[in-house]
Amino acid sequence: MNELALIKIHSKLEVLDREFEKAVKNLIQGSSSLSDEKLEVIVNSTEREILIYEYILKLIINDSNVN
């Protein structure tokens, strides 16, 4: 079960990382049809979501080490 959870979390983190990089790039280059304010919201939201999934991953790994 933990192995499946690890795979899902790693996949989610990879997707979020790509989304984050794309949003930051668009914000810096100004190459998006979205306003800077909306892009900042996307960047901040994605960053928070990455932190949450990293914490979940840490919990899963710690649980694996205990069992």
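Refer to the structure above for everything that follows.
Quantities reported herein were computed from a predicted structural model and do not represent experimental measurements. (Residues numbered from 1 in each chain as written. Predicted model: local features only at pLDDT ≥ 70, side-chain atom pairs only at ≥ 80, totals over all residues. Heavy atoms only, no water.)

Let's shift gears to a negative patch on the surface. Taken together, the side chains of E14, D17, E21 and E54 present a region of like negative charge at the surface. When residues in the negative patch are grouped by element, the largest group, 3 residues, is from helix α1 (residues 2-29). Among the structural elements, E21 can be located in helix α1. Residue E21 is classed as partly exposed on the basis of its relative accessible area, which comes to 49%. (Patch = residues over 30% accessible without salt bridge, like charges linked within 9 Å, V, L, I, M, F, W, Y side chains within 5 Å. Areas by Shrake-Rupley, 256 points an atom, 1.4 Å probe, with all protein chains shown as cover. Salt bridge = Lys/Arg side-chain N within 4 Å of Asp/Glu carboxyl O. Lys, Arg positive; Asp, Glu negative; His and termini not counted. Charge placed at Lys NZ, Arg CZ, Asp CG, Glu CD. Helix = DSSP H or I, 4+ residues; strand = E, 2+ residues; numbered from the N terminus. Buried < 20%, exposed > 50% of the residue type's maximum accessible area, 1.4 Å probe, protein only.)

Tracing the chain through its elements places N26 in helix α1. When residues no more than four places from it in sequence are discounted, the contact partners of N26 are S31, S32 and L39. (Contact = heavy atoms within 4.5 Å.)

All right, on to the pattern of salt bridges then. Enumeration over the complete set of coordinates arrives at 1 salt bridge. Between E49 and K12 there is a salt bridge, and its shortest N-O distance comes to 3.6 Å. Of this pair, E49 sits in helix α2 (residues 36-66) while K12 sits in helix α1, placing them 37 residues apart in sequence. A relative accessible area of 28% places E49 in the partly exposed class. In this structure K12 comes out as partly exposed when scored by relative accessible area, which is 30%.

In this section: the side chain of T46. Looking at the element boundaries, T46 is found in helix α2. In this structure, T46 is in contact with L16, E19 and F20, ignoring residues within four places of it in sequence.

Another point: α2. Spanning 31 residues, α2 covers 45 Å between terminal C-alpha atoms, matching the ideal 45 Å at 1.5 Å per step. Of the positions making up α2, those classed as buried are L39, V43, T46, I50, L57 and I60. Of the surrounding elements, those touching the buried residues of α2 are α1. (Expected span 1.5 Å × (residues − 1).)

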